[in-house]
Amino acid sequence: MSTLRTLRHVIPSIATADGAGVKLRRSIGSQRGLYLDPFLMLDEFYSDNPDDYIAGFPPHPHRGFETVTYMLDGHMQHQDHLGNVGDLGPGSVQWMTAARGIIHSEMPKQSEGRMRGFQLWLNLPAAEKMKPAGYRDIPASEVPTVPLADGIEVRVIAGTLLDGARRIDGPVNPAGARLSTDPLYWDVRIPAGSRFTHALPQGHTAFVYVYEGDAAIAGKTLPNRAAGVLDAGDTVTIDAGAGGARVLLLAARPIGEPIVQYGPFVVNTREEIEQAIQDYQSGVFGKAA
Ligand code: FE
């Protein structure tokens, strides 16, 4: 007997700006101190107007968590102090484990046209906050696009999709054990009148973000451009509204540790924030210990 995950509450996205003035909509993380352990933030950027994105995200540091960028349209370039260069194109994913520190920039590689995608911040447990930084540039061709019954299509970024006897692993954590938060990150396209159903690990934090159309979770409506936090249970159902829906489905194991954030530093104590600032100012940030 399965237990349906119902909609516990809705976090609307609010218009804001970050980087050097990139306009975006923030749902998770839009209110100071309100996290969805282990998720810290979800931003959606979507504009056809270059003024909204051209300033990009010039060099800035991160410590203590992971940033995940998923592009739908447009091109950005990632560069970091470790020498990584990444091309963020449509359908690609950049999975950056900032851990003890990375300094990077994300700048548009276009001066016109549409820029559309998401950035997620995923926390790391204390034991992993000071491990060496890692960076993965995952091209669109490595993200499985899986057609299911009723016209539903899922892009599997992280986690394992089960379809009958088929098992489709995302490129990020194919063994399910590479990341301690065991994240699931799917982009689900549901035609009008169709219902997507899948098991989700009991006890994992889960939410759905609707970025096109609208949807209903276990019968309760989730509006467009809002994150719907799911209650406990082991199965999720998502019904598309009259115009169909495109949603992100995310789930991960909560960490359950204190969170102290100062901008792009997310650690466990005030002292660790002071250490991060000092490391950044003294130039040892992200260098080998
Ligand atoms: Fe960044």
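Here the structure is shown first, and the text comes after it.
Residues numbered from 1 in each chain as written. Predicted model: local features only at pLDDT ≥ 70, side-chain atom pairs only at ≥ 80, totals over all residues. Heavy atoms only, no water.

**Q** Before we move on, can you summarise the overall build of the chain with the specific residues and values?
**A** Of the regular secondary structure elements, the chain holds one helix and 24 strands. Compactness check: the chain gives a C-alpha radius of gyration of 18 Å against a globular reference of 19 Å for 289 residues, within 12% of the reference. If one aligns the C-alpha atoms of the chain with their principal axes, the spans along those axes are about 55 × 45 × 35 Å. Split into buried and exposed, the 289 residues of the chain put 52% on the buried side. A fraction of 72% describes how many contacts in the chain between residues 6 or more apart in sequence connect residues 24 or more apart. Taking the 26 positively charged and 32 negatively charged side chains of the chain as two groups, their mean positions are separated by 2 Å. (Helix = DSSP H or I, 4+ residues; strand = E, 2+ residues; numbered from the N terminus. Rg over C-alpha atoms; globule rule 2.2 N^0.38 Å. Buried < 20%, exposed > 50% of the residue type's maximum accessible area, 1.4 Å probe, protein only. Contact = heavy atoms within 4.5 Å. Lys, Arg positive; Asp, Glu negative; His and termini not counted. Charge placed at Lys NZ, Arg CZ, Asp CG, Glu CD.)

**Q** I'd love a proper account of the side chain of aspartate 43, names of residues and values included.
**A** Note on placement: aspartate 43 falls in strand E4 (residues 39-47). There is a polar contact of 2.7 Å between the side chain of aspartate 43 and the side chain of arginine 26. (Polar contact = N/O pair within 3.5 Å; in protein donor to acceptor, adjacent residues only side chain to side chain.)

**Q** I'd like to hear about the coordination of the iron ion, residue by residue, with values.
**A** Ideal geometry at a metal centre: 109.5 degrees between donors when four sit tetrahedrally, and 90 or 180 degrees when six sit octahedrally. Ligation of the iron ion by protein atoms is provided by His60 (NE2), His62 (NE2) and His104 (NE2), these donors lying 2.1 Å from the ion. One chain supplies every donor for the iron ion, spaced along it as H-x1-H-x41-H. Taken as a pair, histidine 60 in strand E5 (residues 57-62) and histidine 104 in strand E10 (residues 102-108) lie far apart in primary sequence, 44 residues in all. For the pair formed by histidine 60 and histidine 104, the shared burial category is buried. (Donors = N, O, S within 2.8 Å, 3.2 Å for Na, K, Ca; no water.)

**Q** Could you give me a rundown of the pattern of salt bridges, with the residues and numbers involved?
**A** Throughout the structure, instances matching the rule amount to 17 salt bridges. The salt bridge partner of arginine 166 is aspartate 163, with a shortest N-O separation of 2.8 Å. Judged by its relative accessible area of 40%, arginine 166 is partly exposed. When the shortest N-O distance is used, the salt bridge between arginine 167 and aspartate 169 registers 3.4 Å. Given a relative accessible area of 52%, arginine 167 falls into the exposed group. One network of salt bridges, in which partners are shared, links Arg116, Asp187, Glu212 and Arg246. (Salt bridge = Lys/Arg side-chain N within 4 Å of Asp/Glu carboxyl O.)

**Q** A description of the packing of aromatic side chains should follow, citing residues and the corresponding values.
**A** Going through the model one piece at a time under the given rule, you end up with nine aromatic pairs. Between phenylalanine 39 and phenylalanine 207 the ring centres are 5.1 Å apart and the planes differ by 85 degrees, which places this aromatic pair in the edge-to-face class. Of this pair, phenylalanine 39 sits in strand E4 while phenylalanine 207 sits in strand E19 (residues 205-217), and the two are 168 residues apart along the sequence. Like phenylalanine 39, the residue phenylalanine 207 is buried in the burial classification. Pairing tyrosine 280 with phenylalanine 285 gives two aromatic rings, centres 5.6 Å apart and planes at 80 degrees, and the pair type is edge-to-face. A relative accessible area of 2% places phenylalanine 285 in the buried class. An aromatic cluster is defined as three or more aromatic residues linked by ring pairs; in this entry it consists of Tyr70, Phe118, Tyr185, Tyr209 and Tyr211. One residue, arginine 116, lies across the ring of tyrosine 46, its end atom 4.1 Å from the ring centre. (Phe/Tyr/Trp six-rings, centres within 6.5 Å; stacked < 30°, edge-to-face > 60°. Lys NZ or Arg CZ within 6 Å of the ring centre and 35° of its normal.)

**Q** An account of the environment of alanine 149 is requested, with residue identities and associated values reported.
**A** Here alanine 149 is to be found in the loop between strand E13 (145-147) and strand E14 (153-158). Remark: the alpha-carbon pair of alanine 149 and phenylalanine 196, spanning 47 residues in sequence, is separated by 9.0 Å.

**Q** An account of the environment of threonine 221 is requested, with residue identities and associated values reported.
**A** Of note, threonine 221 is situated in strand E20 (residues 220-222). Taking C-alpha positions, threonine 221 is 25 Å from arginine 116, a pair spaced 105 residues apart along the chain.

**Q** Residues and numbers for the sheet that holds E10, please.
**A** Strands sit in the order E5-E10-E7-E8 across an open sheet of four strands; the sheet is antiparallel. Every other strand in the sheet has two partners, leaving E5 and strand E8 (85-88) as the edge strands with one partner each. With direction set aside, neighbouring strand axes in the sheet form an average angle of 20 degrees. Note that strand E7 (residues 76-80) and E10 share five bridges and pair antiparallel. For aspartate 80, the partnering residue across the bridge sits in E10 and is histidine 104. (Pairing = 2+ DSSP bridges. Axes fitted to C-alpha atoms, helices over the stretch in contact; angles between N-to-C directions.)

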